[in-house]
Amino acid sequence: MATATETTVVTDHHEEEASWDGAAKPFRVGYGKLMMWYFLVSDAFTFAGFLIAYGALRFSMPSWPVPDVVFSTLPFGLHEFLPGDKAPLIFVTFMSFVLIVSSATMVRAVQEGARENKSGVVKWILLTVIGGATFLGCQAWEWSNLIGHEHMGLRTNPFGTHVEDGYYLEDSHGHAYEAGTEPERFEAGETFLIHQEGGDWVQRSFVTETNPEPQRQSFGPKAFGALFFFITGFHGFHVFSGLVILSIIAMNSASGQYVERRNGYEMVEKVGLYWHFVDLVWVFVFLVFYLI
Amino acid sequence: MAEHLSYEDSKRMVFKGLGLLAVITLIEVIFSLGSAGYLPGLGFLSDYAWIGYLIGFILISLSLYKAYYIIYEFMHMGHEVKSLAATVLLPVALLFWAMVAFFQEGSVWGERRELISDKNNIEAPILPAVPAIERNQQRELPAQEPVEQ
């Protein structure tokens, strides 16, 4: 009887030790994975803060450049093959697809890790890296187009918006219309781009329905450039650091480092969580900047 | 991971998920272009403000669904302990609400600014400093007693 009691006490004590000596896992998940989740929550807070700033400022303005007009070009002049020479949101949709595909390849990498298929893990991680690098390349093109071609700056926004219907008094190069040409009309809410020719801004004159005095096109809200470049830049920075980390993990996997570990390829899973977070943030940046 | 789906099925599910997310993204873009009047034949959609709000609501719901799918399937939250999911998803849900609330707040700021500028531009006649009752009834003012200093 005494032995039985002792055994019971020893068992209880042993369980207690197990709880407090690290043998038990809170939420039944490893420390690294749990902390990665909480890091992602904190990063979500940061991104939410930026998106809140964007949204609050944007909706407090009487007008804001329409995203379908601002983001309507394609690389290599491909947008000229489309009606109206415009490809609204096509390029950024392509970028979203690329990131979603890279998320899917990441899931495959984690699955191969669960099967301890070393070559499979490396192959799928490398495909993810290629997807991420393509996304970054596209984002770089988008920036260079906005900055170099359309001359958007941190405090200059050449995309303005009309508040009333009217018509232009000059053509798109700033020269007065020839006699007999029908002047170009515009509607309220239409976004325009102030071009540069020879280094100078061409602000076309126009006349509105209610105001017969000629006015010049004015620049759009200054906050646009700073918000766009900062938020997409911060996201792009996350993509870039994700690529660096993915490359390191791919090299670690290839070297066989995870074959011997007790938790196997869990590191691939953790990095996969980070990569999916990057994709998730892009879903909301895409929604807030381009769709709404 | 092996106990609920076979390897072949798991592989297929990844690409089904990919297809689902891609299709939803495409639908979102089509809705967004539609609300701006870019879809051929559906240009009238940009003329009504309530369509913009409705489509905005649809876009937000679709994006939330994408977020749910990525978190639950790609990030495997669906297979984690429920309380872990709660500790992660509750703050994020509150964050999302904060975003929506502040977008609305921004609109209110805009409206207030407009109200203030409208009030600043009111042209009102400058009336003599006479009590309104007297002015409206156009009576002769009674003789006023000298005010004690």
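Residues numbered from 1 in each chain as written. Chains lettered and ligands numbered in written order. Predicted model: local features only at pLDDT ≥ 70, side-chain atom pairs only at ≥ 80, totals over all residues.

(A) Expanded view of the overall build of chain A. Scanning chain A for helices and strands turns up seven helices and eight strands. In terms of overall size, chain A is more extended than a compact globule, its C-alpha atoms giving a radius of gyration of 28 Å where 292 residues would be expected to give roughly 19 Å. Oriented by its inertia axes, the alpha-carbon framework of chain A measures out at about 110 × 40 × 30 Å. In chain A, 72% of the contacts between residues at least 6 apart in sequence involve partners at least 24 apart. (Helix = DSSP H or I, 4+ residues; strand = E, 2+ residues; numbered from the N terminus. Rg over C-alpha atoms; globule rule 2.2 N^0.38 Å. Contact = placed C-beta atoms within 7 Å.)

(B) Quick peek at the packing of helix H5 (residues 118-149) of chain A against helix H6 (residues 223-254) of chain A. Residue and element names in this part refer to chain A. Contact pair H5 / H6: the axes reach a minimum separation of 9 Å and the direction vectors enclose 160 degrees. When the axis of H5 is compared with that of H6, the two are roughly antiparallel. The way H5 lies across H6 gives a crossing that is left-handed. Touching Lys118, Val121, Val122, Ile125, Leu126, Thr128, Val129, Gly132, Ala133, Phe135, Leu136 and Gln139 of H5 are Thr232, Gly236, Val239, Phe240, Gly242, Leu243, Leu246, Ser247, Ile249, Ala250, Ser253 and Ala254, all from H6. Taken together, the residues of the contact of H5 with H6 sort by class into 15 nonpolar, eight polar and one charged. (Axes fitted to C-alpha atoms, helices over the stretch in contact; angles between N-to-C directions. Parallel < 35°, antiparallel > 145°, perpendicular 65-115°, else oblique. Left-handed = near helix turned anticlockwise from the far one by under 90°. Nonpolar A, V, L, I, M, F, W, Y, C, P; charged D, E, K, R; others polar.)

(C) Representation of the environment of Ser60(A) in the model. Relative to the helices and strands, Ser60(A) resides in helix H2 (residues 31-60). In this structure, Ser60(A) is in contact with Gly106(B), Trp109(B) and Gly110(B), ignoring residues within four places of it in sequence.

(D) Representation of the domain arrangement of chain A in the model. Residues and elements named next belong to chain A. If you check the domain split of chain A, you get domain 1 (29-155 + 222-291) and domain 2 (159-216). Across the boundary between the two partners, domain 1 contributes nine residues, which contact six residues of domain 2. Considering only residue class, the side of domain 1 that touches domain 2 consists of six nonpolar, two polar and one charged. (Domains from an automatic or database assignment.)

(E) Local environment of the interface of chain A and chain B. On the side of chain B, 41 residues touch chain A, which itself brings 43 residues to the contact. If you tally residues by element for the side of chain A that touches chain B, the top one is H2(A), at 13 residues. Per-class residue counts for the side of chain A that touches chain B are 30 nonpolar, seven polar and six charged.

(F) How the structure looks around the pairing of strand S7 (residues 205-208) of chain A. Residue and element names in this part refer to chain A. Inspection of the sheet shows strand S2 (residues 166-168) paired to S7 by three bridges, in the antiparallel sense. Looking at the pairing, Tyr167 lines up with Val207 of S7. Two successive antiparallel strands, S7 and strand S8 (residues 215-216), enclose a turn made up of six residues. (Pairing = 2+ DSSP bridges.)

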